[in-house]
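Structure assessment
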Amino acid sequence: MVRLLSAAAPPPSSPRGSGASPTGAPPSAPTTPTTAAAAAAALAAPPPRLPPSAVAALRAAALSPSGGVGGGGLVRASVLGAAGLTVYDPGYTNTASATSTITYIDGGRGILRYRGYPIEQLAARSHFLEAAYLLSYGELPTAAQGAAFSSRVAAAAGAGLPANVLAVVAALPRGVHPMSALVTGLAALGGVHAETNPALAGPHVYDTPAAQDVQLFRVLAAMPLLAAAIYRHARGRPPVSPRPYDPAIHGTAGGAGAAGGGRPFSYTGLFLDLLERRSEGSPSAVAHPVVVRALDTLLLLHADHELNCSTATVRQLASSGVDATTAVAGAAAALYGPLHGGATEAVLGMLGRLAAAGGVAAIPDFLATVKRGEVKLMGFGHRVYRQYDPRATLVRRLAYEVFEAVAAGSDGSDSGGGGGSGGGGGAGLVAIAVALEKAALADDYFASRRLYPNVDFYTGVIYQALGLDAGMYTVLFAIGRSAGWMAHWREFLADPEARIARPRQWYVGAPERAYVDVHARGRGGGGGPAPAVKNPAVLSKL
Ligand code: CMC
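Residues numbered from 1 in each chain as written. Predicted model: local features only at pLDDT ≥ 70, side-chain atom pairs only at ≥ 80, totals over all residues. Heavy atoms only, no water.

Here we look at the overall build of the protein
The test is simple: Helix and strand definitions follow DSSP, with helices as H or I runs of at least four residues and strands as E runs of at least two, each counted in order from the N terminus. Relative accessibility thresholds used throughout: buried, under 20% of the residue-type maximum; exposed, over 50%; partly exposed, between the two (1.4 Å probe, protein chains only). Contacts are assigned to residue pairs that have any heavy atoms within 4.5 Å of one another. Surface accessibility in these figures is a Shrake-Rupley result with a 1.4 Å probe; residues are shielded only by whichever protein chains are displayed.
Tallying secondary structure elements over the protein gives 23 helices and 5 strands in all. A burial count over the protein gives 46% of its 542 residues as buried. Within the protein, contacts between residues separated by at least 24 positions form 76% of all contacts whose residues are at least 6 apart in sequence. Within the structure as shown, the protein displays about 25000 Å² of accessible surface, and the carbon and sulfur contribution to it stands at 60%.

Some points on the environment of L122
By the secondary structure assignment, L122 is in helix α4 (residues 119–125). Classification of L122 by relative accessible area gives buried; the value is 4%. Along the sequence, L122 and T297 sit 175 residues apart, while their C-alpha atoms lie 8.9 Å from each other. Ignoring anything within four residues of it in the chain, the contact list for L122 reads Y114, Y117, L134 and L300.

Observations regarding the sheet that holds strand β3 (residues 103–106)
In plain terms, the rule: Strand pairing is assigned whenever DSSP identifies at least 2 bridges connecting the two strands.
An order of β3-β4-β5 is seen for the 3 strands of this open sheet, with the pairing classed as antiparallel. The open sheet is flanked by β3 and β5 (117–118), the only strands paired with a single partner. Bridging between strand β4 (residues 111–114) and β5 involves 2 bridges; their strand directions are antiparallel. Bridging from a neighbouring strand, R113 pairs with P118 of β5.

Notes on the pattern of salt bridges
The test is simple: In the sections that follow, a salt bridge refers to a side-chain nitrogen of Lys or Arg positioned within 4 Å of a carboxyl oxygen of Asp or Glu.
Within the structure shown, the criterion is met by 12 salt bridges. One salt bridge in this structure joins R76 and E497, with 2.9 Å as the shortest N-O distance. Placement of R76 in the loop between α2 (52–61) and α3 (77–82) and of E497 in the loop between α22 (473–493) and α23 (536–539) is noted, with a sequence separation of 421 residues between them. Judged by its relative accessible area of 34%, R76 is partly exposed. With a shortest N-O distance of 3.2 Å, E437 and R396 are connected by a salt bridge. Of this pair, E437 sits in helix α19 (residues 426–441) while R396 sits in helix α18 (residues 390–407), and the two are 41 residues apart along the sequence. You can call E437 buried: its relative accessible area is 6%.

Some remarks on the nonpolar core
Counted only if it meets this: Take the buried residues of types Ala, Val, Leu, Ile, Met, Phe, Trp, Tyr and Cys, join any two whose side-chain atoms come within 4.5 Å, and each joined set is a nonpolar core.
Grouped together as the largest cluster of nonpolar side chains are 122 residues, with contacts concentrated most on L182, L377 and L436. Sorting elements by how many residues they give to this core places helix α10 (residues 209–234) first, with 13 residues. With residues near it in sequence (within four places) discarded, L182 still touches M223, L226, I230, A332, V475 and A478.

As for the site of the ligand
Using the following cut-off: We call a residue near a given molecule or strand whenever any one of its heavy atoms falls within 4 Å of it. Polar contacts, as used here, are pairs of N or O atoms within 3.5 Å; protein pairs need one atom able to donate a hydrogen and one able to accept it. Residues neighboring in sequence count only if both atoms are side-chain atoms. The nonpolar class holds Ala, Val, Leu, Ile, Met, Phe, Trp, Tyr, Cys and Pro. Asp, Glu, Lys and Arg form the charged class, and all remaining residues, Gly among them, are polar.
In the vicinity of the ligand there are 22 residues, among which H340, K376, L377, G379 and R383 approach most closely. Between H340 and the ligand, the recorded distance is 2.7 Å, taken from a side-chain N or O atom to an oxygen atom. At a separation of 2.8 Å, an oxygen atom of the ligand approaches a polar side-chain atom of K376. Its free accessible area being 930 Å², the ligand has 76% of it covered by the protein chains. In terms of residue class, the shell around the ligand is made up of 11 nonpolar, 6 polar and 5 charged.

Here's the deal with the packing of α10 against helix α15 (residues 324–336)
Using the following cut-off: Fitting a line to C-alpha atoms yields each axis, with helices limited to the stretch in contact; the angle taken between N-to-C directions then spans 0 to 180 degrees. Each angle receives one of four descriptions, namely roughly parallel if under 35 degrees, roughly antiparallel if over 145, roughly perpendicular if within 65 to 115, and oblique otherwise. Handedness of a crossing is defined here by the sense of rotation of the near helix relative to the far one, left-handed for an anticlockwise turn of less than a right angle and right-handed for a clockwise turn.
Put simply, α10 and α15 touch, their axes get as near as 10 Å, and they point 40 degrees apart. Viewed along their axes, α10 and α15 adopt a mutual orientation that is oblique. Handedness of the α10/α15 crossing: right-handed. Taken together, the residues of α15 that come into contact with α10 (itself represented by Q215, R218 and V219) are A324, T325 and V328. Along the lines of polarity and charge, the residues of the contact of α10 with α15 split into 3 nonpolar, 2 polar and 1 charged.

Details of helix α8 (residues 178–192)
As a reminder of what qualifies: Under the convention used throughout, the expected extent of a helix is 1.5 Å for every residue step, that is, one less than its residue count.
Between its terminal C-alpha atoms α8 stretches 21 Å, which fits the 21 Å expected from 15 residues at 1.5 Å a residue. Those residues of α8 hidden inside the fold are in contact with α7 (163–170), α10, α15 and α22.

Things to note about the confidence of the model for the protein
Rules: Values of pLDDT, which run from 0 to 100, indicate the predictor's confidence residue by residue.
Per-chain confidence: the protein averages 86 in pLDDT, with 82% of residues scoring 70 or above. In this model residues 7–30 is a low-confidence stretch, pLDDT under 50, and it forms 48 contacts with partners more than four residues away in sequence or in other chains. In the model, residues 410–424 has pLDDT below 50 throughout and makes 49 contacts with residues more than four positions away in sequence or in other chains.

Regarding helix α14 (residues 309–318)
All of the buried residues in α14 are S310, T311, T313, V314, R315 and A318. Looking at the packing, one finds that the buried side of α14 touches α15 and α22.

Some remarks on the packing of α10 against helix α12 (residues 267–276)
Two elements in contact, α10 and α12, have axes separated by 8 Å at closest approach and are oriented at 25 degrees. Accordingly, the angle class assigned to the pair α10 and α12 is roughly parallel. As for the relative orientation of α10 and α12, their crossing is right-handed in sense. When α10 is examined against α12, the residues L220, M223, P224, L225, A227, A228, Y231 and R232 are found in contact with a partner set consisting of Y267, L270, F271, L274, L275 and E276.

In structure tokens form, the structure reads like this:
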């Protein structure tokens, strides 16, 4: 819930409109400490409604009269700062930190568009690399532009990963979570390119579009290569190098007619070959077109979702001037958590436990535990959608297509898993997922909170049906989202209002006190644990 904190004195506004004082003093935080108890009491009280005159004054000061984050006008924080007020907004539920032209979401109506194009049309007719182009450059590519873009990605992928990055992955324990390995591998990749690291090569290394493109292609190429290396490492298999363009492997993904035809390279085909080819010299792993297409569509559906936790992380890291790949490593770390991209894996765990407990019959008891606040219904709820997530509708449809292909045993893959051998239990789990969704939507707990399935609810069952390890699900999410991360990175660099990200806090700790020598501190504690600082009930909400 967003609250306003009153400051002791209104700060003078700066020429940049930030509310910072000319001396550089912080803008509008309270100048006297508040005790934790007083803060808790203030937060527990229902927030008063602003009087109509105050609302009118804020609306008059708004940048836009409507359509803001919370559906209302957008007010610059500096306007509040000039009035001695700071916004208190844990989780940034109602705080816009950037202007963006990339992705539009209307959470109330279940609308998602990339650069104005409805996600449903893109999922049906476009493909991942075309969406990546659209996100970064703002327009759909012509046939020639699309082909050139694909060729750049193919060339960057064809160069392979630096040997020392692969060595870093190989040095990890085989049982490491694939997302830990991805974060590590991306951080290592950031480290090997000193020539494009602002910390080493100076602040202007990304000044030109061409220099930004180098980063874009490096990241887009590295993601499937790293993901495949990580997947193979878990199986004790060394990575294989990308094959030169082969229509059998690289030519089957994407929607019919995407990019105006003549698409020379399938990102998903490349990835599946790298995953499942037996060894360097073996024939390429060729997956069923339905599988290739399904994975490509999932990458596209995950490609961007405006300022979610991981994308906000990219912008936050870029704001400090760190190199692009390290910013992406940080974003991948943010994605890993079960409330964000890690939910895909968590949903599968939840469905698996339900299957073990009796399947559909176990749903009522499970929902009762959710309603008691003991566990969350994973794959449900969203910060922005108060409606069915439009991606969830598309993913559910896709799940049935994949199950049909897998059940028909016609996947045509020579692979042992990721290429489409089928995980067997997928159809059973999707039946549980469908029943779980139905039961939750009919339940007042979820209806009253407007909790609906999100993109992660059905994604995992598809990956499971394809035989992918659960830990890889978030890695696949990261491959798709890397397109959005790079688009936001580029947009951030071009933003004249961009500044280092630095949220404020409300200090509720001890007031100034004198240091006490250790011999004068009493005898309590006995080396035991420090006192708890947080109620476990609060932690379970995170
Ligand atoms: N199961 C049970 N209760 C829930 C759930 C859920 N999945 N999601 C929200 N709630 C409750 C929440 O406890 C709160 O109840 P109350 O008002 O009684 O305190 C109410 O609904 C409002 O939720 P919120 O805390 O305001 O939600 P949020 O916007 O802070 O969090 C979320 C959004 C996605 C983290 C959360 O819905 C969640 O934890 N969902 C499960 C994890 C998940 O599926 N994450 C994937 C999100 S979509 C893809 C992505 O971003 O990666």
